[in-house]
Amino acid sequence: MKIKLTKTVRDFSGSPYPKGTVLEARIGPEGVKVEVVGAQHLPLDPDEWETTMSNEDFERLLGR
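Residues numbered from 1 in each chain as written. Predicted model: local features only at pLDDT ≥ 70, side-chain atom pairs only at ≥ 80, totals over all residues. Heavy atoms only, no water.

Q: Can you lay out the environment of Thr51 for me, pointing to particular residues and giving the numbers?
A: The residue Thr51 is located in strand E7 (residues 49-51) in this model. Measuring from C-alpha to C-alpha, the distance between Thr51 and Lys19 comes to 13 Å, with 32 residues separating the pair along the chain. Those residues within four positions of Thr51 in sequence are excluded, and the remaining contacts are Lys2 and Ile3. (Helix = DSSP H or I, 4+ residues; strand = E, 2+ residues; numbered from the N terminus. Contact = heavy atoms within 4.5 Å.)

Structure, rendered in structure tokens:
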């Protein structure tokens, strides 16, 4: 799923992910937090992200 960050966060190595960044994510193993795909240990709390749709998602919905 696609998410947009509502806060600037840092992964385990300290790399920043600025507020507003759109990322690919999945539900974590415990089913409580989402994890950013491809990031080094970046689980997110519910107040740090919101769902979003990309242009590709909209085109797919419209059947283009």
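Read on, since the account is not over.
Q: Lay out the nonpolar core with the relevant residues and their values.
A: Across soluble globular proteins, you tend to see nonpolar side chains buried next to one another. Ile3, Leu5, Val9, Tyr17, Leu23, Ala25, Val34, Val36, Ala39, Leu42 and Leu44 together form the largest nonpolar core, which totals eleven residues. Secondary-structure elements contributing two or more residues to this core are strand E1 (2-5), strand E4 (22-27) and strand E5 (34-36). Contact partners of Ile3, with chain neighbours within four places excluded, come to Thr21, Val22, Leu23, Ala25, Val34, Leu44, Trp49, Glu50, Thr51 and Thr52. (Core = buried A, V, L, I, M, F, W, Y, C linked by side-chain atoms within 4.5 Å. Buried < 20%, exposed > 50% of the residue type's maximum accessible area, 1.4 Å probe, protein only.)

Q: With reference to specific residues and values, describe the sheet that holds E4.
A: Pairing in this open sheet of five strands is antiparallel, and the strands run E6-E5-E4-E1-E7 from one edge to the other. Edge positions in the open sheet fall to strand E6 (43-44) and E7, since each of these has one partner strand only. Bridge count between E5 and E6: two bridges; the pairing is antiparallel. Considered in E6, the bridge of Glu35 is made with Pro43. (Pairing = 2+ DSSP bridges.)

Q: Outline the pattern of salt bridges, supporting the account with residue identities and numerical values.
A: The tally for this structure, following the rule as stated, stands at six salt bridges. With a closest N to O distance of 3.2 Å, Glu24 and Lys2 form a salt bridge. Here Glu24 is found in strand E4, whereas its partner Lys2 is found in strand E1, with 22 residues between them in sequence. Looking at Lys2, the relative accessible area reads 27%, which means it is partly exposed. Its salt-bridge partner being Asp45, residue Lys33 comes within 2.9 Å of it at the nearest N-O pair. In this pair, Lys33 sits in the loop between E4 and E5 while Asp45 sits in the loop between E6 and E7, placing the two residues twelve residues apart along the sequence. We classify Lys33 as partly exposed; its relative accessible area is 34%. (Salt bridge = Lys/Arg side-chain N within 4 Å of Asp/Glu carboxyl O.)

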